[in-house]
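The residues making up each chain are set out below.
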Amino acid sequence: MITLKGNYQQIHIKDALTLAIGNFDGVHLGHQNIIQKAVSYTDTKSAAMTFSPHPVAFITKQNRRILMDVHDKEGFLSQLGLDYF
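Notes on the structure in this doc start here. (Residues numbered from 1 in each chain as written. Predicted model: local features only at pLDDT ≥ 70, side-chain atom pairs only at ≥ 80, totals over all residues. Heavy atoms only, no water.)

## Description of the overall build of the chain
Stated precisely, the cut-off is as follows: Helix and strand definitions here come from DSSP, where helices need a minimum of 4 consecutive H or I residues and strands a minimum of 2 consecutive E residues; each element is numbered from the N-terminal end. Radius of gyration: C-alpha atoms only; globule rule: 2.2 Å multiplied by the number of residues to the exponent 0.38. Accessible area is worked out with a 1.4 Å probe on protein chains only. A residue is then buried under 20% of its type maximum, exposed over 50%, and partly exposed in between. By definition, residues are in contact when any of their heavy atoms lie within 4.5 Å. Method for areas: the Shrake-Rupley scheme with a 1.4 Å probe, in which residue coverage is limited to the protein chains shown. Residues scored as charged are limited to Lys and Arg (positive) and Asp and Glu (negative), so that His and the chain ends carry no count. Taken as the charge centre is NZ of Lys, CZ of Arg, CG of Asp or CD of Glu, depending on the residue.
The number of helices and strands found in the chain is three helices and two strands. Listed by position from the N terminus, the elements making up the chain come as β-α-β-α-α. The C-alpha atoms of the chain give 13 Å as radius of gyration, which agrees with the globular expectation for 85 residues (12 Å, within 12%). With respect to the three principal axes, the spread of C-alpha positions in the chain is 40 × 30 × 15 Å. Expressed as a percentage of its 85 residues, the buried residues of the chain come to 28%. Residue pairs in contact within the chain that sit at least 24 positions apart in sequence constitute 76% of those at least 6 positions apart. Carbon and sulfur atoms provide 53% of the accessible area of the chain, an area that totals close to 6,000 Å². Of note, the chain has its 8 positive side-chain charges centred 7 Å away from the centre of its 7 negative side-chain charges.

See the structure below:
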């Protein structure tokens, strides 16, 4: 899995993607199902896009308790077969 960081406008991928977008905090079974669906398409590369800080914390300017930081999400999601994170 290739990890790309930064503003989405700075990231340039030439491959066709199936992109799962979400916070993926905790990566519960529903999140895993979405990722598995993205990985299942054989005609595209699979990718997950997440956020840091949490979108609610960014909008409200208040700290929010999180279950997994970006590093933990990256480690967990790398086990699910994604091409890009």
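## Description of the layout of surface pockets
Which parts of space are left empty comes out when a probe the size of a water molecule is rolled across the atoms. Just so we agree on the cut-off: Throughout, the protein atoms alone are placed on a 1 Å grid, and a set of points is a cavity if a 1.4 Å probe fits but cannot get out or a pocket if it is open with protein on both sides within 12 Å along at least five of seven lines; lining residues have an atom within 4 Å of a point. Grid points are joined across faces, edges and corners, and a volume is the space filled by probe spheres set on the points.
Of the voids in this model, the largest pocket is the one considered here, and its volume is about 690 Å³. Looking at the largest pocket, it is lined by 23 residues, and the ones nearest its centre are Gly 6, Tyr 8, Ile 11, Met 49 and Thr 50. If you list the elements that add at least two residues to the lining of the largest pocket, you get β1 (17-21), β2 (45-49) and α2 (55-60).

Any link to function would need more than the numbers given here.
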